[in-house]
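Spelled out from the first residue to the last, the chains are:
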Amino acid sequence: MASGELWSRPCVSTFTEEFGVTEFFEGVSNQFRVISALMIRDITARHGPEAVGMAWLLAEPMLITIIVLLLHWYSSGGSSLVPFEAVLLTGYMPHLMLRHGGLAGLAALRSGRGLLFHQRIHFLDLVVARMLTEVVSVLVAFAILFAVFFCFGLLTLPKIPGLVYLGWFFHIWFLFVIGFIFTGLSLRWELVRRLFQPFNLIMIVPYGAFFLFAWLPYDLRQILLYFPCANATEIMRMGYFGTSVPTYFSISYTLFSLVILSAIAIVTLYRGRKHLEF
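Residues numbered from 1 in each chain as written. Predicted model: local features only at pLDDT ≥ 70, side-chain atom pairs only at ≥ 80, totals over all residues. Heavy atoms only, no water.

Colleague: Can you walk me through the overall build of the protein chain in this structure?
Modeller: Each helix and strand counted, the protein chain has 12 helices and 0 strands in total. Counting from the amino terminus, the protein chain carries its helices and strands in the arrangement α-α-α-α-α-α-α-α-α-α-α-α. Of all 278 residues assigned to the protein chain, the portion counted as buried reaches 46%. Look at the contacts in the protein chain between residues 6 or more apart in sequence, and 75% of them connect residues 24 or more apart. (Helix = DSSP H or I, 4+ residues; strand = E, 2+ residues; numbered from the N terminus. Buried < 20%, exposed > 50% of the residue type's maximum accessible area, 1.4 Å probe, protein only. Contact = heavy atoms within 4.5 Å.)

Encoded structure:
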């Protein structure tokens, strides 16, 4: 036996035992399987095991986006200096994710609270699984629509793809922050759940769903950029348009604000957990 083996094996074993590396990865793997199973259960429960139900999960966000796009084409005559398809995909589709996923965690807890009697299922698993289902459906719809628009020559490839991915990452993070806050508060006060729809409509503006922030007056734009989702939208548009369209964002501010909001969201969700009725 080589001398290197005599030293390497005990060192690795001691390290994994002392710091619990093996247990950590086993826990992550088990949690991934639990959430994946809950996502599949959620999809089949809401849409059925048939292919039509699965297809509707992806078709709904695409149809809404296409209808809005057709209305724009009809009103503008199809002429625009900036491709409105790109404006919709980088602004309206992230807002659709908020619309579908904002109260998804609350719905998952109320419909699946009986699953919490299982030892391996935590209430956070239900919330995350339902919200991830909405995230995946919108992301897949985004990818399909982009591919279709690209094939028809309506869109070009992004100038800086990494910023597009980063923008989506911040949008998904912001969705979970809002979802956790509304879920936690709604478990305590039913009125909060009813306030989500007005909130969702107001958030169309910070998301820049139908316009570029460069078109806005300076003062209004500065106010909207306090919203992390506005920065995420601008990051995505910088990634797609490059320097051909003015964009305004701060990655450091977006990261800092989301960290602070995440702490508030987690505390709110766990406090609301006490009010979940079985």
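Colleague: For this particular structure, what's the right way to read the side chain of T254?
Modeller: Structurally, the position occupied by T254 is in helix α12 (residues 251-273). Beyond its immediate chain neighbours, meaning those up to four positions away, T254 contacts F170, P228 and N231.

Colleague: Can you walk me through a nonpolar patch on the surface in this structure?
Modeller: Taken together, V136, V140, I144, V148, F152 and L154 make up a surface patch of nonpolar side chains, about 480 Å² in accessible area. With respect to the helices, strands and loops of the structure, F152 is situated in the loop between α6 (123-151) and α7 (161-188). Overall, the relative accessible area of 66% leaves F152 in the exposed class. (Patch = residues over 30% accessible without salt bridge, like charges linked within 9 Å, V, L, I, M, F, W, Y side chains within 5 Å. Areas by Shrake-Rupley, 256 points an atom, 1.4 Å probe, with all protein chains shown as cover. Salt bridge = Lys/Arg side-chain N within 4 Å of Asp/Glu carboxyl O.)

Colleague: Looking at this structure, I do not really get the layout of surface pockets. What am I missing?
Modeller: Taken as a whole, the largest pocket holds about 240 Å³ of empty space. Looking at the lining of the largest pocket, the elements that each hand over two or more residues are α4 (84-101), α6 and α7. Top element by residues in the lining of the largest pocket is α7. It accounts for 4 residues. Residue composition of the lining of the largest pocket, grouped by class: 12 nonpolar, 1 polar and no charged. (1 Å grid on protein atoms, 1.4 Å probe; cavity = no way out; pocket = protein on both sides within 12 Å on 5 of 7 lines; lining within 4 Å. Points joined across faces, edges and corners; volume = space filled by probe spheres on them. Nonpolar A, V, L, I, M, F, W, Y, C, P; charged D, E, K, R; others polar.)

Colleague: What am I meant to see in the packing of helix α5 (residues 104-112) against α6 here?
Modeller: Two quantities define a packed helix pair, namely the angle between the axes and the distance from one axis to the other. It is the contact of α5 with α6, at a shortest axis distance of 8 Å, that shows an interaxial angle of 130°. Comparing their axes, α6 and α5 come out oblique. Here α5 and α6 pass one another in a crossing that is right-handed. For the pair formed by α5 and α6, the contact residues are A104, G105, A107, A108, L109, S111 and G112 on the first element and F123, L126, V127, R130, M131 and E134 on the second. Here the residues of the contact of α5 with α6 sort into 8 nonpolar, 3 polar and 2 charged. (Axes fitted to C-alpha atoms, helices over the stretch in contact; angles between N-to-C directions. Parallel < 35°, antiparallel > 145°, perpendicular 65-115°, else oblique. Left-handed = near helix turned anticlockwise from the far one by under 90°.)

Colleague: Would you mind going over the packing of aromatic side chains with me for this structure?
Modeller: Two numbers describe a pair of aromatic rings. These are the distance of the centres and the angle of the planes. Scanning the model with the defined rule gives 16 aromatic pairs in all. Taken together, a centroid distance of 5.1 Å and an interplanar angle of 80° make the contact between F142 and W168 edge-to-face. Of this pair, F142 sits in helix α6 while W168 sits in helix α7, placing them 26 residues apart in sequence. Residue F142 shares its accessibility class with W168, and that shared class is buried. Seen from their ring centres, F196 and F199 are 6.2 Å apart, and the 40° between their planes marks the pair as tilted. Taken together, the positions of F196 and F199, both in helix α9 (residues 196-202) and 3 residues apart, correspond to about one turn of that helix. Its relative accessible area of 23% is what places F199 among the partly exposed residues. (Phe/Tyr/Trp six-rings, centres within 6.5 Å; stacked < 30°, edge-to-face > 60°.)

Colleague: Got a minute to help me understand the pattern of salt bridges in this structure?
Modeller: Side-chain pairing between opposite charges can occur once the charged atoms of the two side chains come close. Taken as a whole and judged by the stated rule, the model has 2 salt bridges. R110 is paired through a salt bridge with E190; the nearest N and O atoms lie 3.1 Å apart. Taken together, the residues span a long stretch of sequence, with R110 in helix α5 and E190 in helix α8 (residues 190-194) at a distance of 80 residues. Given the relative accessible area of 34%, R110 is considered partly exposed. Judged by relative accessible area, E190 falls into the partly exposed class, the value being 31%. When the shortest N-O distance is used, the salt bridge between E190 and R193 registers 2.4 Å. Of this pair, E190 and R193 both sit in helix α8, 3 residues apart, which is roughly one turn of the helix. One network of salt bridges, with partners in common, ties together R110, E190 and R193.

Colleague: Any chance you could explain the nonpolar core here in plain terms?
Modeller: L89, M93, L126, W168 and F180 are the most contacted members of the largest nonpolar core, which has 73 residues in total. Counting only elements with at least two residues in this core, the list comes to α2 (21-47), α3 (51-76), α4, α5, α6, α7, α11 (228-241) and α12. By residue number, the principal contributor to this core is α7, which donates 14 residues. In this view, M93 contacts P61, T65, L88, V138, A141, F142, L145 and W168; residues no more than four positions away in its chain are not counted. Of all hydrophobic cores here, the second largest spans 6 residues; its members include F211, F213, L216 and L224. (Core = buried A, V, L, I, M, F, W, Y, C linked by side-chain atoms within 4.5 Å.)

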